[in-house]
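Coordinate analysis (summary)
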Amino acid sequence: MSSPNINYRSLAEEAASPFLEHPSSTTKTQDAKEPTAAAHLDPLCDRARELEELDHEQDTEHEGEDTPRNSGIMIHMVPETGRARWNHIEDLDSFFSRMYQYQQKHGFRVIVLDEVLQVLEFGFVVWLLTFVSHCIRHDVLFGDVPLNHTKTTLDDVIIPTGECVEKMGWFTFLVLFIAAIYLGIRLLKMVYHITQYADIRRFYNTALHIDDADLDNFTWHEVQQRIRRVQAEQHMCIDKESLTELDIYHRVLRFKNYLVALMNKQLLPVRFHIPLIGEVVSLSRGMLFNIDLILFRGPGSPFQNNWQLRDEFAVRSNQTELAQRLSKLILGVALLNLVLAPVIFIWQLIYFSFSYANILRKEPSALGLRTWSNYGRLYLRHFNELDHELDARLNRAYEYADRYLSSFSSPLAAVIARNLLFISGGLLLLILGLGIYEEHVLQVEHVLTIIAVLTAVGVVSRALIPDENLIWCPEQLMTAILAHVHYLPSERRQQAHTARVRQEFSNFFQFKAGYLLSEIFSPFVTPFVLIFVFRPKAMELVRFFRTFTVSVRGVGNVCSFAQMDVRKHGNPDWQLTSELEEMTRPAGGQPPPQQMQQSLAGGKTEMSLVRFTLNNPEWQMPKEAKQFLRGVREHAVGELVEAKTSVIQGNPLTNSLISFGTIGEEYCSIANSVLGAQLTPQQLEISQSLRPGLGHGPASGGFPVAGSDFRQMLQQNLSASVGPLDSMRRLRLSRAEGRLEGPSDTLLYGLCGLEQRVGRTPLNVGVADMCLSALYLHEHSQQKRQARQSRIVEAEDERSGPSTWPPKPPGAPSAGASGASGSRHTVITSKAAESTPLLGSIRS
C-alpha cells in the first residue's frame, strides 16, 4: 500500500517516485507508527498484559506453587476471533465496495439468489437456442407437412434427444464447447462472489452488529458511521488511526471519480462522427467496460493495483513512452473487440430481446419512455457520489425532464402522424370487425402480424402528436431540472425554448428505444471509436493521470479533483468574493490560463463539496472548504438583508428564491418561510461585515420584517406557483441520502435566522438546501461572467478612445451594470409570467 506520509501531492510536482517519504517527516511518522505497527504484529500483547496483571494479584495465593507463571514460561491466550479477523485488510477498496453492494442489494440471500439465477439465465439461453435450432420439426410446426391425425401434438413437433444430437454439426458442438467454458468461468466467479459476500455477512453480523433481517432498516450513512467505529477498535487500515467519511468514499469511488473528471475535461470518447449520420453522442455500457479495462483494471493499465498508480508516471521523461504504451493497449483492446463483435452483437440482441419481450407485448409504448443515458449519468455526477445518491437525485428530476422534452414537437411530424394514425386505425378496425363477424378471418396467414404492425404504428404516431392541453413553459421546467441535476451549461439560460438546447439535453435524457439500439449495435461501433477517437488522446490521458493524481495517507492514489479542494481546483467564476475584490480586479478580468487548467467547468468542485457536506455533516472538512461554505452562506444572508432593507431588490439570492419557489408547493412553502422570517442580529452583523455602508440604513434600528415592496414582489412570483406536488420518489430506507435527521448547518437555516423552521415541511431539508444552493451558485456564476464581459467591453472602449463628453454624473450605473440589472429584472418578470399549473400535476 501507499506510504502513510504522502499527503495531497500532485505527481507532476514530484521528481522521484510518489511513494517515497519526505525526509523531514520520516522520523516523526516512524515514532508515531511504532506502537501501532507493534500492536498489529502481535495482536496478543494486550491480552498478555492483562494476564500479567492477573498474575501479580494472585501471587500471594500461589507463592510456593510450582506453576508455569513462576517457571518463566509465557502463555499466549487465543483472542476473540471476531476482533482479530478484521485487522489489517489489504484491499480495502474491494472490501468497502462489497460492503456497499451488500447493503444496497439487501443482504446475503438476495445476492446469492441473484448470482445463481444469472448463471441459470445464460444456461437457459444456450439450451433454448440449441433446442429451437435442432430439436424441433419446423415443417410440422408450421403445417407444411400433412399428418395422419387432425391435431398436432408435442411428440409430432419435438425430435427425440438422440436424433437431435445426431443432427448437430461440428459448428454447433464448437459453439456449445465455448459456451460450456464460459459457463464454467461464470460458475467459478459465482462461487468466488458468494464466498466474498459470506465474509461480508460475517462482518455485518459480528463487527457492525447488523443482522440481515434488520439490514433494510439502516441507511448507508448509519452503516458508514459504524464502520468508522470498527476502524477505531480493530484497525482495518493500519496507516491511519481513524477513517473519515471521505476516505470511505474514496475507496468505493476511486475509479469513478477519475471518470467524472475525465468527462469534465472532455477526454472520454463520447462525441464522434458516423458517416451518413453525422455527430453522435453516445456512451454505451460496452464502451464504459472497455475504458475501465484500459485505464484501471486491465493488464498494462496505468494502475498497478486498486489503489496505486504505476511509479513510471512520476517521471516526466517517461510521458512519451507511457503514451505509446497506452496507445498500443487501446489498439489491442479495440482489435479484440472487433474480432468478438459478431458474438457480442448476437448475445446483446438475444439478451435484450428476452429481457423486453414480455414488456413490449403488454405495453408497446414502453419504448417511447425516456431514461437517463450513460453519458448523462456520468456528466451530471458529483465527485464522491454513490450510485443510490445519484439515482435519487436524477429520479427527482425525471418528471420535469420528461415534461420539458415532451413540450417540443415537430409540426411536420405531427401532421404525418395524424394521417398515419387515421389510416392504421381504419385498417385495424376493419380487420377486427371482420374477425368478430367471422373468426376464420383471424386464421388467415399473417393476419396477426398485420395487427401487430398496425398497433406499433399507432403507438409511435400517438407519441408524435403533441398534447393539446400542454402549456408552454420551457424556462420554468429547465429551472426545476437545474435545481435537481445541478449541472447545465450556462449558455442555456434563457435559451431553453430553442431546438439546440433541446437537442443537447436529449443526449442526457434519451428514448428507451434509442438506448437499446445504441447498446445492441455498440459492439460494431466501439472498436472504431477506440481506435480513431480515444487512441489519439493517449498523451493527454498520461498527462492527466500525472498531473491530477495525489497520494493520500491511508487511501493511496486518488484523483486530486475528488479531494474537492476549492483553493486548488476551484473555478474563479464560482468563488464568492467581496465587492471590493470585484472592483479592484484588472480590466481584462480573465483568470490565468494555468488556474483554469487546474479547475473544472460548471462548478463541479464547488457543487460536489456542498452536496458532500450536506450528506455527511459529521465530516471534518479542511479550512479552505469551511471558508468557502461560510462565504456562500454569509453572502446569501447579506443579499437577503440588502433586499429587505434597501431599494435594490434584484440580486442572486432573490432570483434564486423565485426560481426555487416555483419548483413545487413544498419548495414554495420553504421560500415563504425565508421571506417571512425577521432579521436577526447575527444576520445584520454578517451583512454589515460584507457591506459596511448598509449598517447605517433602516436595518440598524431593530429587527425589521421584510419590506412591503420586497414581500409583494416575491409573493407575486411565488403565489402563482404550483399546486400540490410531491416530486420525490419514495425509496427504501437503505437508499436514503445522508442521515435521516438531515444536516444541522445549512444555507436555509442561515436564511431563516438560524432557526430550524424549515424542518416543519415534509420535504427533506438537505434536498431543498442543495436545490437552493445550486440555483444560487449558478446565479452568482452568471453574474460574474456578465460583469467580466462588461469590464472587457469597457476596456476595449477605453483603448479605442471613447468620448468623455458629457461627463457621467457621480454614482450613475455603468452600461454593464445596467445591462446586468436589466437582465435580472427580465428573469424575474419572465418567471412570473411563466408561473403556470403545469408543474402542479406532474402525473396526468
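Residues numbered from 1 in each chain as written. Predicted model: local features only at pLDDT ≥ 70, side-chain atom pairs only at ≥ 80, totals over all residues. Heavy atoms only, no water.

For the record, the criterion: UniProt positions are given in the numbering used here, feature names are shortened, and annotations may be inferred rather than shown by experiment.
The chain carries the name Autophagy-related protein 9 in an unreviewed UniProt entry, which gives Drosophila ananassae as its organism. Quoted verbatim from the Sequence similarities (unreviewed entry) heading of the UniProt record, the comment on the chain is "Belongs to the ATG9 family." Reading the Subcellular location (unreviewed entry) entry of the UniProt record for the chain gives the comment "Preautophagosomal structure membrane".

1. Considering the overall build of the chain
Condition: Put simply, DSSP marks the helices as runs of H or I at least four residues long and the strands as runs of E at least two long, and each gets a number from the N terminus on. To sort residues, take the accessible area from a 1.4 Å probe on protein chains only and compare it with the maximum for the residue type: under 20% means buried, over 50% means exposed, and anything in between is partly exposed. Here a residue-residue contact requires only that any non-hydrogen atoms of the pair lie within 4.5 Å. The Shrake-Rupley method, run with a 1.4 Å probe sphere, supplies the accessible areas, and residue values consider only the shown protein chains as cover.
Helix and strand content of the chain: 34 helices and six strands. Within the chain, the proportion of its 844 residues that are buried is 46%. Taking the intrachain contacts of the chain between residues at least 6 apart in sequence as the baseline, contacts between residues at least 24 apart amount to 78%. Just so you have it, the chain exposes about 43400 Å², and 59% of that area is on carbon and sulfur atoms.

2. What about the packing of helix α5 (residues 108-134) against helix α9 (residues 170-207)?
Spelled out, the test is: Interaxial angles span 0 to 180 degrees and are taken between N-to-C directions of axes, which are lines fitted to C-alpha atoms, for helices over the stretch in contact. Roughly parallel refers to an angle under 35 degrees, roughly antiparallel to one over 145, roughly perpendicular to one between 65 and 115, and oblique to any angle outside these ranges. For this classification, the nonpolar set comprises Ala, Val, Leu, Ile, Met, Phe, Trp, Tyr, Cys and Pro, the charged set comprises Asp, Glu, Lys and Arg, and every other residue, Gly included, is treated as polar.
One way to put it is that α5 packs onto α9 with a least axis distance of 9 Å and a crossing angle of 175 degrees. Here α5 is positioned roughly antiparallel relative to α9, judged by the angle of their axes. Split by residue class, the contact of α5 with α9 holds 16 nonpolar, five polar and three charged.

3. As for the UniProt feature "transmembrane region" (unreviewed entry) in the chain
Within this numbering scheme, the UniProt entry marks residues 168-188, 329-354, 412-435, 447-465 and 513-534 as carrying the feature "transmembrane region" (unreviewed entry). Helix makes up 100% of residues 329-354 and strand 0%, with an end-to-end C-alpha separation of 34 Å. This span, residues 412-435, is 100% helix and 0% strand, and a straight line between its end C-alpha atoms measures 35 Å.

4. Some points on the pattern of salt bridges
How we decide: Put simply, a salt bridge is a Lys or Arg side-chain nitrogen that is within 4 Å of an Asp or Glu carboxyl oxygen.
Inspection of the entire model under this criterion finds 18 salt bridges. For the salt bridge of aspartate 199 with arginine 202, the shortest nitrogen-to-oxygen distance reads 3.4 Å. With aspartate 199 and arginine 202 both in helix α9 and three residues apart, the pair spans about one turn of that helix. The shortest N-O distance in the salt bridge between arginine 325 and glutamate 321 comes to 3.5 Å. Highlighted residues: arginine 325 and glutamate 321, both in helix α14 (residues 319-362), separated by four residues, approximately one helical turn. Looking at arginine 325, the relative accessible area reads 35%, which means it is partly exposed. Its relative accessible area of 47% is what places glutamate 321 among the partly exposed residues. Residues joined in a network through salt bridges with shared partners are Asp93, Arg251 and Arg254.

5. Observations regarding the pairing of strand β5 (residues 549-552)
What counts, and what does not: For two strands to be treated as a pair, DSSP must find at least two bridges joining them.
Taking every second residue as pointing to the same face, both faces of β5 are buried, with Thr549 and Ser551 on one and Val550 and Val552 on the other. With four bridges joining them, β5 and strand β6 (residues 556-559) adopt antiparallel strand pairing. Following the sheet pairing, serine 551 is matched in β6 by asparagine 557. Taken together, β5 and the strand that follows it, β6, pair antiparallel across an intervening segment of three residues, in which glycine 554 is found at a positive phi of about 80 degrees.

6. Some words on the state of the cysteines
Applicable threshold: Two cysteine sulfur atoms form a disulfide, by the criterion used here, when they sit within 2.5 Å.
Inspection of every chain in the model, using the stated rule, returns one disulfide. Across a sulfur-sulfur distance of 1.7 Å, cysteine 135 and cysteine 164 are joined as a disulfide pair. Measuring handedness by torsion sign, the sulfur bridge of cysteine 135 and cysteine 164 sits at about -60 degrees and is left-handed. With cysteine 135 in the loop between α5 and α6 (138-141) and cysteine 164 in helix α8 (residues 161-167), this residue pair connects regions lying 29 residues apart in the sequence. Pair check on accessibility: cysteine 135 and cysteine 164 agree, each one buried.

7. Details of the packing of aromatic side chains
For clarity, the cut-off: Here a Phe, Tyr or Trp ring, Trp counted by its six-membered ring, pairs with any other such ring whose centre lies within 6.5 Å, and the pair is stacked when the planes are under 30 degrees apart, edge-to-face when over 60, and tilted otherwise.
Tallied over the full model, the rule gives 42 aromatic pairs. Relative to phenylalanine 545, the ring of phenylalanine 303 has its centre 6.2 Å away and its plane inclined at 80 degrees; by these criteria the two rings are edge-to-face. Of this pair, phenylalanine 303 sits in the loop between α13 (285-297) and α14 while phenylalanine 545 sits in helix α22 (residues 538-547), placing them 242 residues apart in sequence. Here phenylalanine 303 falls in the buried class, since its relative accessible area comes to 2%.

8. Overview of the side chain of asparagine 507
Note on placement: asparagine 507 falls in helix α20 (residues 499-508). If we skip the residues at most four places from it in the chain, asparagine 507 touches Val281, Ser373 and Tyr375.

9. Let's talk about unusual backbone geometry
Of note, the phi angle at histidine 235 is positive, near 60 degrees, even though the residue is not glycine. Among the secondary structure elements, histidine 235 is positioned in the loop between α10 (220-234) and α11 (245-252). Overall, histidine 235 belongs to the buried group, its relative accessible area being 16%. A positive phi is found at leucine 276, a non-glycine position, where the angle reads about 70 degrees. Inspection of the secondary structure puts leucine 276 in the loop between β1 (271-274) and β2 (278-281).

10. Things to note about a nonpolar patch on the surface
Condition: Surface patches are drawn from residues lacking salt bridges whose relative accessible area is over 30%; two like charges belong together within 9 Å, two nonpolar side chains (Val, Leu, Ile, Met, Phe, Trp, Tyr) within 5 Å.
Together, Trp170, Phe171, Leu174, Val175, Phe177, Ile178, Ile181 and Ile185 make up an exposed nonpolar region whose accessible area comes to about 880 Å². Position of valine 175 relative to the elements: it lies in helix α9.

11. Comments concerning the environment of glutamine 620
Inspection of the secondary structure puts glutamine 620 in the loop between α26 (604-615) and α27 (623-645). Measuring from C-alpha to C-alpha, the distance between glutamine 620 and glutamate 245 comes to 8.8 Å, with 375 residues separating the pair along the chain.

12. Some details on the packing of helix α4 (residues 92-104) against α10
The condition is simple: For any helix crossing, the convention is left-handed if the near helix is rotated counterclockwise from the far helix by under a right angle, and right-handed if that rotation is clockwise.
One way to put it is that α4 packs onto α10 with a least axis distance of 11 Å and a crossing angle of 145 degrees. In this structure, α4 crosses over α10, and the sense of that crossing is right-handed. The residues of α10 that touch α4, namely those facing Phe96, Met99, Tyr100, Gln103 and Gln104, are Trp220, Val223 and Ile227. Considered class by class, the residues forming the contact of α4 with α10 number six nonpolar, two polar and no charged.

13. Re helix α18 (residues 447-464)
Since one α-helical turn is 3.6 residues long, residues separated by three or four positions face the same way. The cut-off we apply is this: Multiply 1.5 Å by the residue count of a helix minus one, and that product is the helix's expected span.
If you check α18, its first and last C-alpha atoms are 26 Å apart, about what 18 residues at 1.5 Å a residue would give, namely 26 Å. The inward-facing, buried residues of α18 contact α17 (411-437).

14. A word on α4
With 13 residues, α4 ought to run about 18 Å at 1.5 Å a step, and its terminal C-alpha atoms sit 18 Å apart, in line with that. α4 sits mainly inside the fold: 10 of its 13 residues count as buried. Those residues of α4 that sit buried are Leu92, Asp93, Phe95, Phe96, Arg98, Met99, Tyr100, Tyr102, Gln103 and Gln104. Among the structural elements, α5, α9, α10, α11, α12 (254-264) and α16 (387-406) are those in contact with the buried residues of α4.

15. What to know about the pairing of β1
Note: β1 against β2, four bridges, orientation antiparallel. Within the sheet, the bridge partner assigned to arginine 271 lies in β2 and is valine 281. Hairpin connection from β1 to β2: three residues lie between these consecutive antiparallel strands, with leucine 276 at a positive phi of about 70 degrees.

16. Quick notes on the side chain of histidine 134
Our working rule: Two N or O atoms count as a polar contact when they lie within 3.5 Å, although within protein this holds only if one can serve as hydrogen donor and the other as acceptor, and sequence-adjacent residues are included solely when both atoms are side-chain atoms.
With respect to the helices, strands and loops of the structure, histidine 134 is situated in helix α5. On the basis of relative accessibility, which here comes to 16%, the residue histidine 134 falls in the buried class. Among the polar contacts listed, one links the side chain of histidine 134 to the side chain of threonine 172, at a separation of 3.1 Å. The residues contacting histidine 134, other than those within four sequence positions of it, are Ile159, Cys164, Lys167, Met168 and Thr172.

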